[in-house]
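Summary of structural features
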Amino acid sequence: MSVTVFEMPGLKIKAKVSEGKVNLYPEGKFSPLGKVVTTPINEYFGGERPLKYTDEEIIISGWIPPLPSRAFTRLLKSEITSKMTGKRIPQQVSIAVTGKCPCDCVFCCAKGIITEPEITTKEMKSIIDQAIKMGTHLLTFDGGEPLLRKDIYDIIAYASNTPAHTVMFTNGLYLTKEVAYKLKEAGLNTLQVSIDSPYQEEHDQIRIMPGIFEKATQGIKYAVEAGLITSIFYVARPENSDFKTLYDLLALGKKVGAHEVSIYDIMAIGRWLTHEAETLTDEDRARTITLHKEVNLPGKEGPKVMAFSFLEGVERFGCMGGRKWMHFTPAGDGIPCSYTPLSFGNVRNYSLKEIWKNMQAHPEIKSDCRSCMVQDKEFRKKYIYHIPEGAKLPYPIHKIKEACPV
């Protein structure tokens, strides 16, 4: 099958599924420009099986807009603009819609972040509007627990009426059948449900919430039934990234019907700030990358894998923070990603465009491709370690001596 996913005078980009593999093909007199954009994308998911597809639509991952769609067209347009002009676009804008959460996870990355006064519905819609004007194709809502916001369905419905792909995170505690169908009705595209261990007792202990494993896994079933692209969001630690545990996780995903398993590296931030020695080694990351490559081969069955060590490796797209991604805290602070506790301005004082400009001026963000900043020892020495003890987070980056003034 073949579908056109992008078209402009002199350039057409098609997506084809052949022998179970997905690839992009540029055509027309500007096809060399198209290749500059499609080559790295093909190097990432070329050769992978699609998550699902029909004669009209291809879905590669819950993180990537369907092909074709307005959101995927925006993704390609932003990449083309970046290659032609050098101008970066915040392709992903994520918003922590609340700091409230019933769990008390042992490695919570949001611990210590200022959450009040919480962004209002009006302010939330303004962030969405500004992001869309800047070219964003992916809008992500997390927390805290987003389902604790009474206006979450209104927010998602507002976002779903834009040309962007929408993703929401949840711990699954409140993910009833009714909630799953309401999220689908609101227009949500992808739901990420946090599962920290494929083993019930361990997951409940990590979340310090007895019974949450059962509710989250049942919630995944409801989300799939409702028609949402549904993924397990898994924080990989040294002790749970061995192949046996990872394959048990995939077996759990298959059992509950999840379409995908997203594997994210644990970060030494928030409650885990002083646990640098308990983060992933290169060997640990290599296992998640191997799993990604093996599980996503054509002919394989069950959920696909999105390993962020693979996606954000320097050989591919590198660190997204501040380059393709901008995150907002529950109180409106703009930070490069949800793990970087350094503020570049608050939406109550600055526009998104100004906050993004401040990020682009920073010497650590100017480089095109680098490893994750939060995991980088030198970055941590320059910035994270200079945050005063007891300071309110995220800490204004202009107050750190090494930072570029805002």
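Model, not experiment: these values are computed from the prediction. (Residues numbered from 1 in each chain as written. Predicted model: local features only at pLDDT ≥ 70, side-chain atom pairs only at ≥ 80, totals over all residues. Heavy atoms only, no water.)

1. Brief notes about the sheet that holds strand β1 (residues 2–8)
Strand order in the open sheet formed by three strands is β1-β2-β3, and the pairing between neighbours is antiparallel. A strand with exactly one partner marks an edge of an open sheet, and here the two such strands are β1 and β3 (21–27). Sheet twist, expressed as the mean angle between neighbouring strand axes with direction ignored, is 20 degrees. In terms of strand pairing, strand β2 (residues 11–18) meets β3 through seven bridges, oriented antiparallel. Within β3, the residue paired with A15 across the bridge is L24. Docked against the sheet, helix α1 (residues 31–45) engages β2 and β3, running at close to 170 degrees with respect to β3. (Pairing = 2+ DSSP bridges. Helix = DSSP H or I, 4+ residues; strand = E, 2+ residues; numbered from the N terminus. Axes fitted to C-alpha atoms, helices over the stretch in contact; angles between N-to-C directions. Contact = heavy atoms within 4.5 Å.)

2. Focus: the pairing of β2
Alternating positions in β2 separate cleanly, L11, I13, A15 and V17 being buried on one face and K12, K14, K16 and S18 remaining unburied on the opposite face. The pairing of β1 with β2 spans six bridges and is antiparallel. Along β2, the bridge assignment pairs F6 with I13. Taken together, β1 and the strand that follows it, β2, pair antiparallel across an intervening segment of two residues, in which G10 is found at a positive phi of about 90 degrees. (Buried < 20%, exposed > 50% of the residue type's maximum accessible area, 1.4 Å probe, protein only.)

3. Some points on the packing of aromatic side chains
Under the criterion given, the structure shown has nine aromatic pairs. Centroid distance F233 to Y264: 5.8 Å. Interplanar angle 40 degrees. Geometry classified as tilted. Of the two residues, F233 is situated in strand β10 (residues 229–236) and Y264 in strand β11 (residues 260–265); the sequence distance between them amounts to 31 residues. The burial state of F233 is the same as that of Y264; both residues are buried. Consider the rings of F379 and Y383, whose centres lie 4.8 Å apart with planes at 40 degrees: the pair is tilted. (Phe/Tyr/Trp six-rings, centres within 6.5 Å; stacked < 30°, edge-to-face > 60°.)

4. Considering the sheet that holds β10
Read across the sheet, nine strands follow the order β12-β11-β10-β9-β8-β7-β6-β13-β14 without closing on themselves; strand pairing throughout is mixed. The sheet is open, and its two borders are formed by β12 (304–307) and β14 (334–335), each paired with just one other strand. Sheet analysis places strand β9 (residues 190–194) next to β10, joined by five bridges and oriented parallel. Opposite T190, over in β10, you have I229 as the bridge partner. In the packing of helix α8 (residues 243–256) onto the sheet, contacts are made with β10, β11 and β12, and the angle to β10 comes to roughly 160 degrees.

5. Here we look at the packing of helix α6 (residues 200–207) against helix α7 (residues 212–226)
Two elements in contact, α6 and α7, have axes separated by 8 Å at closest approach and are oriented at 105 degrees. Here α7 runs roughly perpendicular to α6, going by the angle between their axes. On the side of α6, the interface is formed by Q200, H203, D204 and R207, while α7 contributes I212, F213 and E214. In terms of residue class, the contact of α6 with α7 is built from two nonpolar, two polar and three charged. (Parallel < 35°, antiparallel > 145°, perpendicular 65-115°, else oblique. Nonpolar A, V, L, I, M, F, W, Y, C, P; charged D, E, K, R; others polar.)

6. Topic: the pairing of strand β7 (residues 138–142)
Among the five residues of β7, five are classified as buried, and the element is accordingly described as predominantly covered. The alternating pattern of β7 places L138, T140 and D142 on one face and L139 and F141 on the opposite face, and all of these are buried. You can see the chain leave strand β6 (residues 92–96), run along helix α3 (residues 121–134) and come back into β7, and the turn it takes is right-handed. Across four bridges, the pairing between β7 and strand β8 (residues 165–170) is parallel. Bridge pairing in β8 links L138 to H165. Chirality of the crossover, the property in question, places the unit of β7, helix α4 (residues 152–160) and β8 among those that are right-handed. (Right-handed = clockwise from strand over helix to strand, strands pointing away.)

7. Considering helix α9 (residues 282–295)
Taking 1.5 Å of rise per residue, 14 residues should cover 20 Å, and α9 covers 20 Å from first to last C-alpha, within 8% of that figure. Residues of α9 that are buried include every one of D284, R285, R287, T288, I289, L291, H292 and V295, and no others. Those residues of α9 that are buried are in contact with α1, α8, β11, β12 and α10 (308–311). (Expected span 1.5 Å × (residues − 1).)

8. Structural notes on the confidence of the model for the chain
Should pLDDT be low for a region, the predicted coordinates there are not to be read in detail. On average, the chain scores 93 in pLDDT, and the residues at 70 or more come to 98%. Within the model, pLDDT remains below 50 along residues 402–406, and this stretch shows 14 contacts once partners closer than five positions in the same chain are excluded. (pLDDT = per-residue confidence, 0-100.)

9. Thoughts on the pattern of salt bridges
Overall, the coordinates contain 23 salt bridges when judged by the stated rule. The salt bridge partner of E239 is R237, with a shortest N-O separation of 2.9 Å. One salt bridge in this structure joins K244 and D248, with 2.8 Å as the shortest N-O distance. Within this pair, K244 and its partner D248 are both found in helix α8, separated by four residues, close to a single helical turn. On the basis of relative accessible area, K244 is assigned to the exposed category, the value being 56%. Sharing partners across several salt bridges, the network here consists of K100, E116, E118, R149 and D151. (Salt bridge = Lys/Arg side-chain N within 4 Å of Asp/Glu carboxyl O.)

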